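# Chains, contacts and geometry: an overview
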Amino acid sequence: MPYRFVCSDDHCAFLVHSSSTDEVERLVRAHVRMAHGGRIDPADLERGIEHIEPA
Ligand SMILES: [Zn+2]
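A short tour of the structure in this document, coming up.

About the thresholds
- Residues numbered from 1 in each chain as written.
- Predicted model: local features only at pLDDT ≥ 70, side-chain atom pairs only at ≥ 80, totals over all residues.
- Helix = DSSP H or I, 4+ residues; strand = E, 2+ residues; numbered from the N terminus.
- Rg over C-alpha atoms; globule rule 2.2 N^0.38 Å.
- Buried ≥ 20, exposed ≤ 12 C-beta atoms within 10 Å, placed from the backbone.
- Contact = placed C-beta atoms within 7 Å.
- Pairing = 2+ DSSP bridges.
- Axes fitted to C-alpha atoms, helices over the stretch in contact; angles between N-to-C directions.

A word on the overall build of the chain. Summing up its helical and strand segments, the chain has two helices and three strands in all. In sequence order, the chain lays out its α and β elements as β-β-α-α-β. What you see for the chain is a C-alpha radius of gyration of 11 Å, in line with the 10 Å of a compact globule of 55 residues. Per-residue burial for the chain yields a buried fraction of 9% across its 55 residues. Sequence-distant contacts, at least 24 apart, represent 31% of the contacts inside the chain between residues at least 6 apart.

This is how it looks when you write it as structure tokens:
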């Protein structure tokens, strides 16, 4: 699960891990729509995805 995204909303603890960026993007968009009633800027989404190096 090398990709991670943490929601930037201060009061939100949403965190997602996935093996693919496509999956992360899909889950984040769904989260933002359902939890925050909006949409995330594609640039913010791309910036927010962290690639975790294997230990
Ligand atoms: Zn959130």
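Read on for the rest.
Before going further, it helps to examine the sheet that holds strand β2 (residues 15-18). By definition, the strands of a sheet pair up through backbone hydrogen bonds, in either a parallel or an antiparallel sense. Read across the sheet, three strands follow the order β2-β1-β3 without closing on themselves; strand pairing throughout is antiparallel. Either end of the sheet is taken by a strand with one partner, and the two such strands are β2 and β3 (49-51). Across the sheet, the mean angle separating the axes of adjacent strands is 25° when strand polarity is ignored. Two strands pair when backbone bridges link them, and strand β1 (residues 3-6) and β2 are joined in this way by four bridges, in the antiparallel orientation. Considered in β2, the bridge of Val 6 is made with Leu 15. Sheet strands touched by helix α1 (residues 21-36): β1, β2 and β3. Its angle to β2, the strand with the most contacts, is close to 155°.

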